[in-house]
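Residue-level listing of the chains:
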Amino acid sequence: MPTLFDAAGLPRPPRELAPGAVHLPGFLDARQQSALVTQAREIARSVAGTPVAMARPRTRTGRMSVHILSLGRHWATNPYRYVREFEGVPVPPIPANYQEIVDAVLVAAGGRSAALAPWAGRMRAEVALVNYYPPGSRMGLHVDADEVAEAPVVSLSIGDTALFRLGRAEERTGPFVDVPLISGDAFVFGGPARRAFHGITQVEDGTAPAHAGLKEGRINITIRQVDY
Ligand SMILES: O=C(O)CCC(=O)C(=O)O
Ligand SMILES: [Fe+2]
């Protein structure tokens, strides 16, 4: 397996890693990254202590190491589904700037992938999961399967560098593509890659640039369309 260290100093062109899976290195500038962190922190504070607070979800396999804040709809895990309110509390809305980011990301990704090109200007940002990865956390291989829509998932990385593992749609076995996601990177998976297994195998502690505005750890924001 490649280590994060292997990526240091290598050129990182935007590229399609598998049909429908596009990596856009450095998509967000420093100001956009810190603005997204500040905005997410303010929303998290506004719902702290409520049922829709940022929390480590319990799944069938145990408690996740990642903390998740759901925006737009709440991602409930028993069973897995999206709900408009959770335990009687409304879910914080998805910020309007997320739709603008989705539109810009999909124009860029569509230029690299025939499978993604039709989604430029067509995807509705309905849900965002703000994932906080404290040092030492990871996310096991899974498929994003709770959305009915076939729209791509748009993912933004801020803070510590993470190793993203992309597998196949058919089975959780390899071959895998391992790609370091650095602060500011965007990643899109749609088309034939939309139901591919993926996860975060490691987060490299202390690699966040100062401009990200995160003292430690990593924030990943995945933006999704849920309904047709
Ligand atoms: O943190 C990442 O880059 C991936 C997150 C993810 O797979 C998810 O939220 O479903
Ligand atoms: Fe996922």
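Residues numbered from 1 in each chain as written. Chains lettered and ligands numbered in written order. Predicted model: local features only at pLDDT ≥ 70, side-chain atom pairs only at ≥ 80, totals over all residues. Heavy atoms only, no water.

The protein chain is annotated in an unreviewed UniProt entry as Fe2OG dioxygenase domain-containing protein of Corynebacterium frankenforstense DSM 45800.

Draft legend 1. The coordination of the iron ion (ligand 2), seen in detail. Donor atoms from the polypeptide that coordinate the iron ion (ligand 2) comprise His142 (NE2), Asp144 (OD) and His198 (NE2), at 2.0 to 2.2 Å from the metal. In primary sequence terms, the donor set of the iron ion (ligand 2) follows H-x1-D-x53-H. A residue pair is termed long-range when its members are at least 10 positions apart, and His142 in strand β11 (residues 139–142) and His198 in strand β16 (residues 198–203) qualify at 56 residues. The exposure class of His142 is partly exposed, given its relative accessible area of 23%. The buried category is assigned to His198, whose relative accessible area is 5%. (Donors = N, O, S within 2.8 Å, 3.2 Å for Na, K, Ca; no water. Helix = DSSP H or I, 4+ residues; strand = E, 2+ residues; numbered from the N terminus. Buried < 20%, exposed > 50% of the residue type's maximum accessible area, 1.4 Å probe, protein only.)

Draft legend 2. Up close: the sheet that holds β11. As summarised here, the arrangement of the four strands in space is β11-β16-β13-β14, forming an open sheet in which the pairing is antiparallel. Taken across any chain shown, the strands that pair with only one partner, and hence form the sheet edges, are β11 and β14 (177–181). In this sheet, neighbouring strand axes are inclined to one another by 25° on average, regardless of whether the strands run parallel or antiparallel. Strand direction decides the pairing type here: β11 and β16, joined by two bridges, are antiparallel. (Pairing = 2+ DSSP bridges. Axes fitted to C-alpha atoms, helices over the stretch in contact; angles between N-to-C directions.)

Draft legend 3. Seen up close, the environment of Tyr82. By secondary structure assignment, the location of Tyr82 is in strand β7 (residues 80–83). Exposure remark for Tyr82: the relative accessible area of 12% places this residue in the buried category. Separated by 10 residues in the primary sequence, Tyr82 and Gly72 place their C-alpha atoms 9.3 Å from one another. With residues up to four places along the chain from it excluded, the contact list for Tyr82 reads Arg73, His74, Trp75, Val127, Leu129, Asp146, Glu147, Arg224 and Val226. A distance of 3.3 Å separates a polar atom in the side chain of Tyr82 from a polar atom in the side chain of Arg224. (Contact = heavy atoms within 4.5 Å. Polar contact = N/O pair within 3.5 Å; in protein donor to acceptor, adjacent residues only side chain to side chain.)

Draft legend 4. Quick peek at unusual backbone geometry. Of the consecutive residues Asn78 and Pro79, the connecting peptide bond is found in the cis state with omega at -5°. The residue Pro79 is located in the loop between β6 (74–77) and β7 in this model. For the peptide bond that leads from Gly174 to Pro175, omega is 5°, which places it in the cis range. Mapping Pro175 onto the fold places it in the loop between β13 (162–166) and β14.

Draft legend 5. A look at the site of ligand 1. Residues in close proximity to ligand 1 total 13 residues, the closest being Asn131, Tyr133, His198, Arg218 and Arg224. One nitrogen or oxygen atom from the side chain of His198 is found 2.9 Å from an oxygen atom belonging to ligand 1. For ligand 1, an oxygen atom lies 2.9 Å from a polar atom in the side chain of Arg224. With the chains in place, 96% of the 290 Å² that ligand 1 exposes on its own is no longer accessible. The cavity that encloses ligand 1 is the largest pocket. Elements with a contribution of two residues or more to the shell around ligand 1: β10 (127–133), β11, β16 and β17 (218–224). Among the elements that line the shell around ligand 1, the one with the most residues is β17, at four residues. Split by residue class, the shell around ligand 1 holds five nonpolar, five polar and three charged. (Near = heavy atom within 4 Å. Areas by Shrake-Rupley, 256 points an atom, 1.4 Å probe, with all protein chains shown as cover. 1 Å grid on protein atoms, 1.4 Å probe; cavity = no way out; pocket = protein on both sides within 12 Å on 5 of 7 lines; lining within 4 Å. Sits in = over half its atoms within 2 Å of the grid points. Nonpolar A, V, L, I, M, F, W, Y, C, P; charged D, E, K, R; others polar.)

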